[in-house]
Structure formats: C-alpha cells, structure tokens
Amino acid sequence: MCGIVAAASKFNVINILSDGLKHLEYRGYDSAGIAVIQDQKINRYRKEGKVVELTSSLTDNINATIGIAHTRWATHGKPSEENAHPHVAEENIAIVHNGIIENHIEIKNKFFKNTTFTSETDSEILAHLINHFAHKNNTLDSVHLSLQEIKGSYALAVINKKNPGQIIVARNGSPLLIGIGDQTNYIASDAHALIEHTNKFIYLEDGDLATITFENVNIFDKNKNKISREIKKSNLSLKSSSKEGYEHFMIKEIFEQPEAVKATIQDRIINNAVPKEILGPNVEKYFSKFKVVQIIACGTSYHAALVAKHWLERLAGIPCHAEIASEFRYRSHAVQKNTLLICISQSGETADTLSALRKVKNEDHYVGTIAICNVPESSLARECDSTLITHAGPEIGVASTKAFTTQLTAIMLLVIVLGKNFEITKDLEKSLCKQLQGLPEKIKSTLALDAEIAELAKVFSDKEHALFLGRGSHFPIAREGALKLKEVSYIHAEAYPAGELKHGPLAIVDENMPVVAVAPNNVVLEKLKSNLEEVKARGGKLYIFADKKAGFKNDDISQVFEIDAPMNPVAPILFTIPLQLLAYHCAIIKGTNVDMPRNLAKSVTVE
Ligand code: F6R
C-alpha cells in the first residue's frame, strides 16, 4: 500500500528510482513521483496513473546522486498529480510517506493556519512540519521533532536541499528497509525494489530513524540513541520478480503452484510425520497448554482461515474460531482460557491483522501466537512466537493465488502438529502426509484444465453477476473463487453455502445468472446434488467443478469440469485452481488490468 524507494549514491540515481518504482507498483498505482536534489535545488516529477506515465515523461537531463520516489495507493485525496508524492515545503524539504497521519488536521490548525497546502493528502503535513523545525535544527532533529507531534503510521523518507548528500528515514507501522550497496545505499518498502542492486538488507523496526549517505548508514531508536541492526542476506532473485515469459504475474503465479506447494512441505515431512520442531523453539511455550485456537486474517487469507477451522475441528478435534481481523480488533471477546492465536497473512504487513495481534497477544488467556506468512522478515513473522513460512516465493499479482494454496498447505502441516495432542493418530498423520506429498502432481494435472476453462470464460465473461456454491470446507473455496472473479474481472460474484440457497438467494437465480458449484466427492455430495437440482429447476446455468467420481454429467443446463481430487481432506487446495483460472481468463477477455486491478493494492498497510 504505497511503495517507497530512495537512494544515496556516488552516481546518478534516476534509474534506481524508476526501476524500483516499477517493482513496487503492485503496492499502489494511482500516481507516481520522484524528487531529486540537483544543482542545489529540489526537482520534482509527478504524474497521475501508472509508473510508466511518470518514467516515460522523464528527460535525460536528470543527473542527481540523491533522490526519493513513491507509487501511491490513494487514501486521503483522490488519485491526481497534486496528491502524488513527493510532497514539498518551501522548495527546501521533500518527503515520501506510506501510512496515515491521523492528526493532520490538528497539526495544521496548530502550526500552519496561514499556510497554503497544495494537496488533499494527510502526508503533505509532514513536509511542512519538518521544514518548520528545519529552520532551527538539522534534518535528523527536525524529523525527530516532527514525529513527536504526529499520531499514525509511517514509512518516511526525507531530503533537505541544505544537506544534499543525506536521506533521513523513519518507520512506524509501515514496512521500510535499507539496502546496503557499494558506493550506494538504498531505501525501499520491500526487497524486490532493490534486489538487482543488493541482497544485503537492514529491516527497520517501529520507532527507528536512520540517516543514509552513499557511504554510511546510521540508525537511531525513537529517543535518537544510536543503535545497530543486523544486516541480513536475502535469497530473493531477480527471476522471482519477473514474468519469465508469461503475459501476467497472475498466470505465472497460478502455474507456479506445484513448485510453491512442494517448497512449502519440503523438509517438513520426515518419515510420514510432521515434527513439532517446524514451529521453532518457542513451540514449547504453548504446545502442551492450548485448548482452543483463534485464527485472524483478512481477504484471501481469511478464506484460508475458514478452511483451517474445518480441518482443525474435523481432523484434530480442536475447537477453533476464525474471524476477519478488522472485525476482531474492534470488538470485545469472551476469550476461552488457553487460546492459541494464529495469524495468517501473505505479506505479514496487513495493518488490521497486525493490530489485532498486538491488541491481544499479551492478554492472559492467550498462551501463544503463530504466524503463517510468506515473508520471513515481515512484522507479523517477527512478532509471533512461532512462524510457519509459506514458501510461495514473491507474489506480485495483486490477486492472491499461490499464497493461498501454500497457506492451506502450511495449515495442514500445522493441523497435523497441533493435532498430536488431540485426535490426530499416527495413521491419520501418515495419510495426511501422503496426501500433501501427492499435491504438486495433482495440482499439475488440475492446471491442465486451463484451455477448457479459457473456453468457458468466453461465455462467462459477459455476465454481470455470478453465484458460487460450496459446502463444508469447500464453501471457503467458493468464497475465494467469487473474490478472485470480482477482483480481476469486476464481475459481481457472491458465494453461498449451497444449503443456504433456498433461504433467499434462490430468488436471484434465472437464465442470466451463472452458478458455479464446487463439488468434491465427500459426505455432503448428495446434499449438494439436491441443491443444484433446485438451481436447474429455476433455469440457472450450472458450471460444476466436480471430482471425477462425483457422478456429474454434462446436460443442457450443466457443464461439468472434472477434477482429480480424491475424497480426502486436501481436496479444497485442488478445487481452488480452476476458479483462479476462470477469474484470470474472464479478466483477459474483459481487458482489465489483471495484475493491478482498479482501486486495489497488495499489502494493505493502512486500516
Ligand atoms: C485477494 C487478496 C487480499 C489479501 C488481503 C490480506 O486476492 O490478495 O484479499 O488476501 O489483503 O493480505 P495478507 O494476506 O497479505 O494479509
């Protein structure tokens, strides 16, 4: 949610900034901007829209050894050039900001009653505030004094034309890291933006401030005491953030799922068992104490949480609650004693999930916290007692695909481990391990439906609405299918547990309403069949993704797509794949921006 990149170098930084913005575009694409110090002046370049609008307008005469850049996801103020970052004050200070300054109006009234602001953003206040203090202080002190005044979250980078070799950065609640290079040091919201230049990173923590020049990096705590932070080596590769011949990241990431799932189980299944050590040394803190599980997550990760609830209760006999983090954080709970909190997040930086975790993690009834997360250096991974990393690799497409199926894979590993103290027997453990190990091949054969689903999209993509049905642990998969379709093709889609249809939604079924059914061969198959008959009787057109042995046949009203998903608990992972493909192909036909759907951004670091 907004991307920041900045660099201080012995050489011209303009390409570092433009390329970095391209890599960060998935975080927001409402506008982009760059500010550099050249000839003792701050020069600013901004454009509404995608990064390419900005980069194609840049001329060759920019030659600056210091600069900051930003790609925006609009929160306060519409997408426009005026609201694009960097924001400047008196041509002295330029800032880029990711986060929200909650008290910007109060600060305006306190310090700047007579100042003209040029944007509708909350961020511009930071430029003015730092400039105000910079009349009498150095830039680091000015940033520090400004941060005492503000309430909210920030990842911030600041340049001052009076210190043309230095960038000041600060972090509180929004991610920011420093890249260490040779005669160049870098700043970015995430490592992708910099991986072509360095693999050495310092991950700033909340409250940190830092000064960066081409040869030095100094870090300070919130009281301005100098501190040191470890330099970590990243094993990200340039390859992982490129499309590698695919037309879009979304389809590349869909097709990466066999490998991503394989990487997620690798070294975690030993002799048909999952050792509890996969949760790290802190597992002992809660392993023999917890009695109930509470899961929190948002969006697609919440759908993974809903599947987890089914698996924990059905397979392991562990009572489990799952809740959307933005709801969880603002209500009071009757928490049961010895609750284990599990947070699921691809990015590990989702503001609602992090806030919900921070709200409760030190409360008495919680015995431990586990993160299921795709980014090992993320705030969530750092703040939970244990982290189970999903090895999906970087997910760049805004619509989550491989992150979801690897979350489900990691969840199944976790269910096996946590269930050892409950109802998971050795035999069940062995069987679940075998199912997990068989998944990569089964996903590959499900991906072979691609061409057939591309054909289906031709008749589906002109629909305005769609209904997705599922039951049990496949209802969350129906929800995920509906979410994917909405996100990338802008077709309105809703998901219902199939048994709920007769309680209202059946009223909207007619020949114009496509109904997508997820039909595994499980205990509720016959019930689902009856529900689908109710749809047929109302003229609704059915697209059924069914297990080979579920006994569905094509007819005038129904089209059946066979999935090789034997009657076993991991089936929801397989049924996800065709729904991702359907959303992708509908989006392609509709010509939407598949990797960067309108109004969205990856990594939602604001409330
Ligand atoms: C949907 C999607 C979002 C995210 C949600 C949570 O395709 O990507 O719904 O799942 O914003 O993000 P994470 O998992 O990073 O916490």
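Starting afresh in each chain, residues are numbered from 1 along the sequence in its written order. Confidence filtering applies because this is a predicted model: local features only for residues at pLDDT of at least 70, side-chain atom pairs given and counted only at 80 or more, and all residues used for totals across whole chains, interfaces and linings. Derived side-chain values reflect all non-hydrogen atoms in the structure, with water molecules and hydrogen atoms excluded from consideration.

Colleague: Help me get a handle on the site of the ligand, residues and values and all.
Modeller: Around the ligand there are 15 residues in total, and Ser301, Ser345, Gln346, Ser347 and Thr350 lie nearest to it. Between the ligand and Ser400 there is a distance of 2.9 Å, counted from an oxygen atom to a backbone nitrogen or oxygen. In the analysis that follows, any N or O atom pair within 3.5 Å is treated as a polar contact, provided that within protein one partner can donate a hydrogen and the other can accept it, and provided that, for residues neighboring in sequence, both atoms belong to side chains. One of the side-chain N or O atoms of Lys484 is found 2.9 Å from an oxygen atom in the ligand. Coverage of the ligand by the protein chains reaches 87% of its 410 Å² of free accessible surface. Secondary structure elements are defined from DSSP: runs of H or I of at least 4 residues count as helices, runs of E of at least 2 residues count as strands, and each element is numbered from the N terminus. Among the elements of the structure, α9 (299-316) and α16 (475-489) are those that each provide at least two residues to the shell around the ligand. Of the residues assigned to the shell around the ligand, the class counts are five nonpolar, eight polar and two charged. By convention here, the domain bounds are inherited from an automatic or database domain assignment. Residues from two domains meet in the shell around the ligand; each of domain 2 (243-447) and domain 3 (448-607) gives at least three. Definition of nearness: a residue and a molecule or strand are near each other if at least one heavy atom of the residue lies within 4 Å of the molecule or strand. Using the Shrake-Rupley algorithm and a 1.4 Å probe, accessible areas are obtained, with residue cover drawn only from the displayed protein chains. Polar here means any residue other than Ala, Val, Leu, Ile, Met, Phe, Trp, Tyr, Cys and Pro, which are nonpolar, and Asp, Glu, Lys and Arg, which are charged; Gly is therefore polar.

Colleague: So what about the packing of aromatic side chains? Which residues, and what values?
Modeller: Two aromatic rings from Phe, Tyr or Trp, using only the six-membered ring of Trp, form a pair when their centres are within 6.5 Å; if the ring planes differ by under 30 degrees the pair is stacked, by over 60 it is edge-to-face, and anything between is tilted. Following the criterion strictly, the structure yields eight aromatic pairs and no others. When the ring of Phe111 is compared with that of Phe133, the centres are 6.1 Å apart and the planes differ by 70°; the resulting orientation is edge-to-face. Remark: Phe133 occurs in helix α4 (residues 124-134) and Phe111 occurs in helix α3 (residues 104-111); sequence separation between them is 22 residues. A ring has a charge above it when a Lys NZ or an Arg CZ is no more than 6 Å from the ring centre and no more than 35 degrees off the ring normal. The side chain of Lys108 reaches across the aromatic face of Phe117, ending 4.3 Å from its centre. The lysine or arginine in question, Arg598, covers the ring of Tyr490, its NZ or CZ lying 3.8 Å from the ring centre.

Colleague: Requested: an account of helix α18 (residues 571-590), with residues and values cited.
Modeller: Given the number of residues in a helix, its expected span is that number minus one, multiplied by 1.5 Å. Spanning 20 residues, α18 covers 30 Å between terminal C-alpha atoms, matching the ideal 28 Å at 1.5 Å per step. Taking burial as the measure, the 20 residues of α18 include 17 buried ones, the bulk of the element. After α18 finishes, the residue Gly591 shows a positive phi value of roughly 75°. Any residue under 20% of the maximum accessible area for its type is buried, any over 50% is exposed, and the rest in between are partly exposed; the area is computed with a 1.4 Å probe on protein chains only.

Colleague: I'd like to hear about the side chain of Glu480, residue by residue, with values.
Modeller: Within the secondary structure, Glu480 sits in helix α16. By relative accessible area, Glu480 is classed as buried at 1%. At 2.6 Å, the side chain of Glu480 forms a polar contact with the side chain of Lys484. Contacts are assigned to residue pairs that have any heavy atoms within 4.5 Å of one another. The contacts of Glu480, once residues within four sequence positions are left out, are Thr300, His303, Ser400 and Phe404.

Colleague: Summarise the domain arrangement of the chain; cite the residues concerned and give the values.
Modeller: Here the domain parsing of the chain yields domain 1 (3-240), domain 2 (243-447) and domain 3 (448-607). Taken together, the contact pairs 14 residues of domain 1 with ten residues of domain 3. When two parts are brought into contact, each loses some accessible area as probed by a 1.4 Å sphere; the total of that loss over both is the buried area. Considering only the side of domain 1, the residues that lose the most area to domain 3 are Tyr26, Tyr29 and Trp73, jointly responsible for 51% of the buried surface there. The salt bridge criterion pairs a side-chain nitrogen of Lys or Arg with a carboxyl oxygen of Asp or Glu, the two atoms within 4 Å. At the boundary of domain 1 and domain 3, one finds zero salt bridges. At the junction of domain 1 and domain 3, the tally comes to five residue pairs in polar contact (both at pLDDT 80 or more). When grouped by side-chain class, the residues that make up the side of domain 1 that touches domain 3 number five nonpolar, six polar and three charged.

Colleague: Give a description of the pairing of strand β21 (residues 465-470) that names residues and reports values.
Modeller: Counting buried positions along β21 yields five of six residues, so the element is predominantly enclosed. Sheet topology note: the β21/strand β22 (residues 492-497) ladder contains six bridges and is parallel. When the bridges of β22 are listed, Phe468 appears paired with Ala495. Two strands pair when backbone bridges link them, and β21 and strand β23 (residues 514-519) are joined in this way by three bridges, in the parallel orientation. Note on β23: the bridge partner recorded for Leu469 is Ala517. Only strands joined by at least two bridges in the DSSP assignment are considered to pair.

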